[in-house]
Amino acid sequence: MKVTNAEIVISAVSSKQYPGDQLPEIALAGRSNVGKSSFINKMINRKNLARTSSKPGKTQTLNFYKINEAFYFVDVPGYGYAKVSKKEREAWGRMIEQYFTERSNLQVATLITDIRHEPTADDVRMYNFLKHYELPVIVIATKVDKISKNKRVNHLQRAIKKMDLEAEDLIIPFSSETGEGKDDAWKAIQGFISR
């Protein structure tokens with residue numbers, strides 16, 4: 001897909017603030033430091049529309065990025081490392097749960113993981129949560145450029161097994177550095193936005 005227009009429309013903390021234009025939405029979930037912002041920037045060929053940070057847990061809102069006036073990437077707060085209070089984490093949890101369970105525009109969830117490491121308990125929990133609510137999932141296994149080609153299949157198989165990935169869900173090796181997997185990711189996503 002050729003992206004000619006991309007902008008952040010709103011950083012929302014409640015459903016009252018969600019965009020009202022009924023465009024399809026692609027949610028991005030993942031650990032706090034897994035590279036969701038880098039994934040967005042690589043997909044839309046922009047260096048820093050989505051702000052990357054060396055401090056995990058920067059995203060504390062649902063960030064709606066409108067792409068080509070046709071659909072949204074919705075970056076949800078990362079889980080895992082964020083050094084925030086328990087109360088704050090619970091508030092994020094409610095905000096995220098409300099979005100995933102009530103948003104009719106949501107077409108697919110992309111779960112961003114790090115291919116170098118076995119999926120964490122949090123990754124597995126997130127995948128199971130999404131499947132519990134019958135959402136289709138695309139797993140984006142980032143940082144594929146950091147492992148040798150002959151180890152990739154093993155790493156992918158390990159992730160599929162650990163998450164108990166359902167047959168209908170895709171796993172796509174991806175690199176924000178080299179762009180590997182970008183075309184495959186767009187192809188998978190377009191299947192959901194052209195419905």
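Anything mentioned here points back to the structure above.
Thresholds, definitions, all that
Residues numbered from 1 in each chain as written. Predicted model: local features only at pLDDT ≥ 70, side-chain atom pairs only at ≥ 80, totals over all residues. Heavy atoms only, no water. Helix = DSSP H or I, 4+ residues; strand = E, 2+ residues; numbered from the N terminus. Expected span 1.5 Å × (residues − 1). Buried < 20%, exposed > 50% of the residue type's maximum accessible area, 1.4 Å probe, protein only. Pairing = 2+ DSSP bridges. Axes fitted to C-alpha atoms, helices over the stretch in contact; angles between N-to-C directions. Polar contact = N/O pair within 3.5 Å; in protein donor to acceptor, adjacent residues only side chain to side chain. Contact = heavy atoms within 4.5 Å. Salt bridge = Lys/Arg side-chain N within 4 Å of Asp/Glu carboxyl O.

What follows is about helix α3 (residues 121-132). In a regular helix each residue adds 1.5 Å, so twelve residues correspond to 16 Å; α3 covers 16 Å between its end C-alpha atoms and thus fits that length. Along α3, the residues classified as buried are Asp123, Val124, Met126, Tyr127, Phe129, Leu130 and Lys131.

What follows deals with the sheet that holds strand β7 (residues 170-173). Reading across the sheet, the seven strands line up as β1-β3-β4-β2-β5-β6-β7 and stay open at both edges, with mixed pairing between neighbours. Only two strands of the sheet have a single neighbouring strand rather than two, namely β1 (6-12) and β7. Averaged over all pairs of adjacent strands, the angle between their axes in this sheet comes to 25°, without regard to strand direction. Pairing analysis gives six bridges linking strand β5 (residues 106-114) to strand β6 (residues 137-142), with the strands arranged parallel. Paired with Asp114 across the strands is Thr142, a residue of β6.

Bringing the side chain of Ser175 into the picture now. Note that Ser175 resides in the loop between β7 and α5 (182-193). Among the polar contacts made by the side chain of Ser175, one reaches the side chain of Asp145 at a distance of 2.7 Å. In terms of polar contacts, Ser175 uses its side chain to reach the backbone amide nitrogen of Thr178, at 3.0 Å. Dropping the residues within four chain positions of it, Ser175 is found in contact with Lys42, Val144, Asp145 and Glu180.

Summed over the entire model, instances satisfying the criterion amount to 13 salt bridges. A salt bridge links Arg152 to Glu180; the shortest N-O distance between them is 2.8 Å. Highlighted residues: Arg152 in helix α4 (residues 149-163) and Glu180 in the loop between β7 and α5, separated in sequence by 28 residues. Taken together, the shared-partner salt bridges connect Lys131, Glu166, Glu168 and Asp169 into one network.

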